[in-house]
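# Structural description and commentary
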There are 2 protein chains.
Amino acid sequence: MFVEIAQIDVKPGMEAEFEKGVAAAAPVFKRAKGCRGLSLHRSVEKPTRYRLYVDWDTVENHTVDFRGSADFQEWRKHVGHCFQETPYVEHTKQVNKWF
Amino acid sequence: MFVEIAQIDVKPGMEAEFEKGVAAAAPVFKRAKGCRGLSLHRSVEKPTRYRLYVDWDTVENHTVDFRGSADFQEWRKHVGHCFQETPYVEHTKQVNKWF
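Given the structure is predicted, the values throughout are model-derived calculations rather than measurements. (Residues numbered from 1 in each chain as written. Chains lettered and ligands numbered in written order. Predicted model: local features only at pLDDT ≥ 70, side-chain atom pairs only at ≥ 80, totals over all residues.)

Looking now at the overall build of chain A. What chain A contains, in helices and strands, is 3 helices and 4 strands. Secondary structure elements of chain A occur, N-terminal to C-terminal, as β-α-β-β-α-α-β. In terms of C-alpha radius of gyration, chain A reaches 13 Å, essentially the compact-globule figure of 13 Å for 99 residues. In terms of its C-alpha atoms, chain A occupies a principal-axis envelope of roughly 35 × 35 × 20 Å. Looking at chain A residue by residue over its 99 residues, the buried ones come to 28%. The long-range fraction of contacts in chain A, counting pairs at least 24 apart against all pairs at least 6 apart in sequence, stands at 74%. (Helix = DSSP H or I, 4+ residues; strand = E, 2+ residues; numbered from the N terminus. Rg over C-alpha atoms; globule rule 2.2 N^0.38 Å. Buried ≥ 20, exposed ≤ 12 C-beta atoms within 10 Å, placed from the backbone. Contact = placed C-beta atoms within 7 Å.)

A few words now on the interface of chain B and chain A. Contact residues are listed per partner, giving 27 residues for chain B and 27 residues for chain A. Taken together, the elements giving at least two residues each to the side of chain B that touches chain A come down to strand 1 (2–9), helix 1 (15–30), strand 2 (35–43) and strand 4 (88–97) of chain B. Tallying contributions element by element places strand 4 of chain B first for the side of chain B that touches chain A, with 8 residues. Partitioning the side of chain B that touches chain A into residue classes produces 11 nonpolar, 8 polar and 8 charged. (Nonpolar A, V, L, I, M, F, W, Y, C, P; charged D, E, K, R; others polar.)

Here we take up the relation of the copies chain B and chain A. Copies of the same chain, two in number, are related to each other by a rotation about an axis and a translation along it. Overlaying chain B on chain A yields an RMSD of 0.0 Å, the required transformation being a rotation through 180° with an accompanying axial translation of 0.0 Å. Taken together, the rotation and translation relating the two chain copies correspond to the operation of a two-fold axis. Among all C-alpha atoms of chain B, that of Ile5(B) lies closest to the rotation axis, at 6.0 Å. A shared interface surface links the copies, since 100% of the contact residues of chain B are contact residues in chain A too. (Least-squares fit on C-alpha atoms with pLDDT ≥ 70 in both.)

Let us now look at helix 1 of chain B. Residue and element names in this part refer to chain B. The terminal C-alpha atoms of helix 1, which comprises 16 residues, lie 23 Å apart, in line with the 22 Å expected from a rise of 1.5 Å per residue. Taken as a whole, helix 1 carries its principal kink of about 35° at Ala-24; the proline Pro-27 stands between one and four residues after it. Residues of helix 1 that are buried in the fold lie against strand 2, strand 3 (49–56) and helix 3 (70–79). (Expected span 1.5 Å × (residues − 1). Bend = angle between axes of the 7 residues up to and from the residue.)

Here you go:
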């Protein structure tokens, strides 16, 4: 399994709206092919910065299947207007979890 | 609970040694005050980049208690020589986990 990290800086004052938008868009991820998990974290040091963690069976489930689907536009409709800039996206793989 | 993200770029060729060093240092975190979880993820796009996720009861358990302890030096002894540069550290708090 791979974890997509989308680092998203939102416009100051849009934090609550962004969080509502992600919650509203959760079903979009839930039904996406190969999508296994969705969570949202907020930065302590920079409270306009969020990280959306999305678990995928393969990187292509995200980059090809999801981004190529109508649901990607649906996701952006919920939250895109809150973005300060284009999100920074990276994929990672767990090496180990000790405890 | 807070999640510390330490983004660590290691010197090319030091990946296996770094991973072994983190494994060896896991008990250091396990015994740290307020430390509740430890996992390591590796970037797909930039394979010399890792993210160490450490769960803490409070941010200060990390920034004051852990960094001020002898065990912080112990941790660095295991992995410090693998660092390409100073790790980038941020703390986050989970907003929600949908699935």
